[in-house]
Amino acid sequence: MIRRGLGIAVSLAVLAIGAGSAAAREDALAQVGPGYILSKDLAGGGSEPANDISGIACLPAASGPRHCLLVNDENAGAQFVTIEGTTIRPGPEIRLVGAEPSAATLGTAPTEHRCSEGKGRFSELDGEGIAYAAPYFYVIGSHGCSRRGNTFKLSAFVLARIRFDGSSPPTGREPVETTYRFSDALRAPAPLREFFAVDLQSRSKGAHSRGLNVEGLAVVAGTLHAGLRAPTLDGEAFLVTVPVEALFAPGHAALQAEPRLIPIATGKRTGIRDLTPLPDGRLLVLTGPAQEQEVGYGLIGLDPLTGATTRLGRLPELREAEDEGKPEAIALVEPGRLLVFFDSLPNGAPRAYALP
């Protein structure tokens, strides 16, 4: 399947993730135990435990405890955690954006938008994805109008990176750089530019008029890959790839690199919900509802160089007491063992699944 006007020609296997599709008939991944235990609650937006975990990334496996970073999309920052066996120990928080825009943020802030409720307050990052590539963690905002309020919050259009090499325990005071240049990458290629900073639930132009938002992130071999939850077009979701150093080049000039757009056949109404690297250089893509549709959650292996895809299975439905939970954050914690955190469940209700 080749889409014209994307600047690439990628042959894709036809994948359909969701109700009534081939993926709905796939085998569900088996949950493996014992379950994960948190030594204390993860930090939420207030006094309650985190209830909106949306991303996780970890340093490569090594002997002893493993350092990771989690993001709760209602917070202005992220939180370090240490995983040792099946125990998760929450650590210090690190603030990524302040109460006002920073003059040190690289690139130029986007100003034009079509969020119907106008400009919102510069506040939380609305962090939706995390990646690690030595010596940095990367955290990306949603880069879209707020889902509930349809407002334009500049703080959500920030990409941050935190220098951390794991040589000593995290402190929450690690150096942080921020950039606006990923907005340039989203506004450059067709057909994405027409969806940039448009209400996510807009229907003014028909079924494909909804806006754009980022929900997955991976950094491999100097290239940043961002997965889009929306838009989806003709059963395809999109991966946007950009050289990392172009995003974090000094100064306030616009992005000086050509973004690459990779369409992935995910199925109707199905977008990308998270990304994590696999040891062989492929990306593991978590798919799920592009908006709020009744669509299942599946896993695809993607070669970002060729666009070749492999369907790997689906995540089983949760039991009735947890049916509000939505898989939002994935990390490969050891070969064949996938750690999953769920949005809308206290502390993300982490559990592991056997990955084929």
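Preceding this section is the structure that the text describes.
Because the structure is predicted, anything quoted here is derived from the model rather than measured. (Residues numbered from 1 in each chain as written. Predicted model: local features only at pLDDT ≥ 70, side-chain atom pairs only at ≥ 80, totals over all residues. Heavy atoms only, no water.)

Draft legend 1. Focus on the pattern of salt bridges. Enumeration according to the criterion identifies 10 salt bridges in this entry. For Glu215, the salt bridge goes to Arg273, with nearest N and O atoms at 3.4 Å. Here the residue Glu215 occupies a position in strand E11 (residues 213-220), and Arg273 occupies one in strand E15 (residues 270-277), the gap between them amounting to 58 residues. The partner of Glu328 in a salt bridge is Arg273, and the shortest N-O contact between them spans 2.3 Å. Highlighted residues: Glu328 in strand E19 (residues 326-334) and Arg273 in strand E15, separated in sequence by 55 residues. We note that Glu328, like Arg273, is buried. Taken together, the shared-partner salt bridges connect Glu215, Arg229, Arg273 and Glu328 into one network. (Salt bridge = Lys/Arg side-chain N within 4 Å of Asp/Glu carboxyl O. Helix = DSSP H or I, 4+ residues; strand = E, 2+ residues; numbered from the N terminus. Buried < 20%, exposed > 50% of the residue type's maximum accessible area, 1.4 Å probe, protein only.)

Draft legend 2. Molecular detail of unusual backbone geometry. Between Ala190 and the following residue, Pro191, the backbone shows a cis peptide bond with an omega angle of 5 degrees. With respect to the secondary-structure elements, Pro191 resides in the loop between helix H1 (182-187) and E11. Here the bond from Ala230 into Pro231 is cis, since omega is 5 degrees, no more than 30 degrees from zero. Residue position: Pro231 is located in the loop between strand E12 (223-230) and strand E13 (236-243).

Draft legend 3. The arrangement of the state of the cysteines in detail. Counted under the stated rule, the structure contains 2 disulfides. With its sulfur 2.1 Å from that of its partner, Cys58 forms a disulfide with Cys68. Its torsion about the S-S bond being 100 degrees, the disulfide of Cys58 and Cys68 is classed as right-handed. Of the two residues, Cys58 sits in strand E3 (residues 53-58) while Cys68 sits in strand E4 (residues 66-72), which places them 10 residues apart along the sequence. No difference in accessibility class separates Cys58 from Cys68, as the two residues are buried. Residue pairing for Cys115: its cysteine sulfur links by disulfide to Cys145, the two sulfurs lying 2.1 Å apart. Between Cys115 and Cys145 the disulfide shows an S-S torsion of about -90 degrees. By sign, it is left-handed. Separated by 30 residues along the polypeptide, Cys115 in the loop between strand E6 (87-95) and strand E7 (127-133) and Cys145 in the loop between strand E8 (136-141) and strand E9 (159-163) bring together distant segments of the chain. (Disulfide = S-S within 2.5 Å.)

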